[in-house]
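Residues per chain are reported as follows:
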Amino acid sequence: SPSGTHYLVATNRSDSGHQIEDISVNGFSRRLTENPQGSTADAIAPRWAADGSRFAFAWDRSAGLMLMLSSASGGNTISVADLGPSDAAFQSWSPDGQWIAAITGSAGKQQLIKVKPMAGGRLVPIPKAVPDAGSYDGPVWSPAGDWIMYPSAEGMSLVSPDGATAHKVSSHRFSAYAFS
């Protein structure tokens, strides 16, 4: 978490599929998500908002990924957006908490989008961004909020959140990446 006192994990400690747990540095653990009754969906890829009050994650369902939002205090989750069939489950919060960036679609038809973190959020495609087909990794928002880095067909690329500016960072494909 932004406070540094606890972290989120996706775990499959129960027979009901992967769930999100909040684990404190002193070992206390509590489950924050529950599978919808009768669902075989797995809760995956949790990411804290910058203020630590909420987190986003994906339900991995047979119909594809559903971007979800939950309060750090637990309780009901809300559906933000249906990402459909997607190879990339990871998302990234903008530093101000106003947007979540994600990659939607399957190999050959992926696109980088942003969505407001609210129920029924509308997927906003980011022009000039061409995510790599088949990449599991997702976008990373810069700490200043002026760039989104993502795996592209050319290697690693940057795009401004409005899609007006884009360029290649490296021709290498990295398994992990972040801003300093």
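For clarity, every value in this text was computed on a predicted model and none was experimentally measured.

Undergrad: Kindly report on the overall build of the chain, identifying the contributing residues and their values.
TA: When its secondary structure is counted, the chain shows 0 helices and 15 strands. Across the 180 residues of the chain, 47% fall into the buried class. The contacts in the chain between residues at least 6 apart in sequence include a share of 37% that link residues at least 24 apart.

Undergrad: Lay out the packing of aromatic side chains in plain terms, naming residues and giving numbers.
TA: Taken as a whole, this structure holds 3 aromatic pairs when the rule is applied. Between the aromatic rings of Trp48 and Phe55, the centroid separation amounts to 6.1 Å while the plane-to-plane angle is 70°, which identifies the pairing as edge-to-face. According to the relative accessible area criterion, Trp48 is buried, its value standing at 18%. Ring geometry for Phe55 versus Phe57: centroids 5.8 Å apart, planes at 35°, classification tilted. Following the ring pairs from residue to residue traces out a cluster consisting of Trp48, Phe55, Phe57 and Trp59. Above the plane of the ring of Trp99 lies Lys114, whose end atom (NZ or CZ) is 4.5 Å from the centre.

Undergrad: Outline the sheet that holds strand β7 (residues 78-84), listing residues and values.
TA: Read from one edge of the open sheet, 4 strands run β4-β5-β6-β7, paired in antiparallel fashion. Each edge of the open sheet is held by one strand with a lone partner, namely β4 (42-48) and β7. Taking the axes of each pair of neighbouring strands and ignoring which way they run, one obtains an average angle of 25° across the sheet. The pairing of strand β5 (residues 54-61) with strand β6 (residues 64-71) spans 8 bridges and is classified as antiparallel. Directly across from Ala58, in β6, lies its bridge partner Leu67.

Undergrad: Before we move on, can you summarise the sheet that holds strand β8 (residues 91-93) with the specific residues and values?
TA: The strand order β8-β9-β10-β11 describes an open sheet built from 4 strands, whose pairing is antiparallel. Among the strands making up the open sheet, the edge pair consists of β8 and β11 (124-125). Summarising the sheet, strand β9 (residues 100-104) and strand β10 (residues 111-115) pair through 5 bridges and their orientation is antiparallel. Note that in β10 the partner of Ile100 across the bridge is Val115.

Undergrad: How would you summarise the side chain of Asp22 if you had to cite specific residues and measurements?
TA: Along the chain, the position of Asp22 falls in strand β2 (residues 19-24). At a separation of 2.7 Å, a polar atom in the side chain of Asp22 contacts the side chain of His6. If near-sequence neighbours (up to four positions away) are discounted, Asp22 is found in contact with His6, Tyr7, Leu8, Phe28, Ser29, Arg30, Leu32, Trp48 and Ala72.

Undergrad: Which residues make up the pairing of β9, and what are the values?
TA: Here β9 lies mainly inside the structure; 5 of its 5 residues are buried. Of the two faces of β9, the one carrying Ile100, Ala102 and Thr104 and the one carrying Ala101 and Ile103 are both buried. Count of turn residues in the β8/β9 antiparallel hairpin: 6 residues, of which Gly97 carries a positive phi of about 75°.

Undergrad: Give a description of the environment of Pro2 that names residues and reports values.
TA: The topology assignment puts Pro2 in the segment before β1 (6-11). By relative accessible area, which is 47% here, Pro2 ends up partly exposed. Sequence-distant contacts of Pro2, defined by excluding residues within four places in its chain, comprise Trp48, Ala49, Ala50, Asp51 and Gly52.

Undergrad: Could you give me a rundown of the nonpolar core, with the residues and numbers involved?
TA: The tendency in soluble globular proteins is for nonpolar side chains to be buried side by side. One finds Leu67 and Val115 to be the most contacted residues of the largest nonpolar core, which totals 17 residues. Contributing elements (two or more residues each) for this core: β4, β5, β6, β7, β9 and β10. For Leu67, the residues in contact, after removing those within four places along its chain, are Ala56, Phe57, Ile78, Ser79, Val80, Ala81, Leu83, Gln91, Ile100 and Val115. By size, the runner-up hydrophobic cluster in this structure holds 12 residues, among which are Ile20, Ala41, Met66 and Ala72.

Cut-off values and rules
By convention here, each chain's residues receive numbers from 1 onward along its written sequence. Given that the model is predicted, a residue must reach a pLDDT of at least 70 before its local features are reported, and side-chain atom pairs must reach 80 or more before they are shown or counted; all residues, however, enter totals for whole chains, interfaces and linings. Only hydrogens and water are removed before side-chain values are computed, so all heavy atoms of the structure are retained for them. Only DSSP runs of H or I covering at least 4 residues are called helices, and only runs of E covering at least 2 are called strands; the numbering of each starts at the N terminus. Residue burial is assigned from relative accessible area. The probe radius is 1.4 Å, only protein chains are included, and a residue is buried under 20% of its type maximum, exposed over 50%, and partly exposed in between. Contact criterion: two residues are considered in contact whenever any of their non-hydrogen atoms come within 4.5 Å of each other. Aromatic rings from Phe, Tyr and Trp, taking only the six-membered ring of Trp, are treated as a pair when their centres fall within 6.5 Å; an angle between ring planes under 30 degrees marks them as stacked, one over 60 as edge-to-face, and anything in between as tilted. Placement of a charge over a ring requires the Lys NZ or Arg CZ to be within 6 Å of the ring centre, with the centre-to-atom vector within 35 degrees of the ring normal. At least two DSSP bridges between two strands are needed for those strands to be called paired. Orientation is described by axes fitted as lines to C-alpha atoms, over the contacting stretch for helices, and by angles from 0 to 180 degrees between their N-to-C directions. Any N or O atom pair separated by 3.5 Å or less is treated as a polar contact, with the protein-specific requirement of one donor-capable and one acceptor-capable atom, and with residues adjacent in sequence counted only for side-chain atom pairs. Think of a nonpolar core as a cluster: buried Ala, Val, Leu, Ile, Met, Phe, Trp, Tyr and Cys residues, connected wherever their side-chain atoms sit within 4.5 Å.

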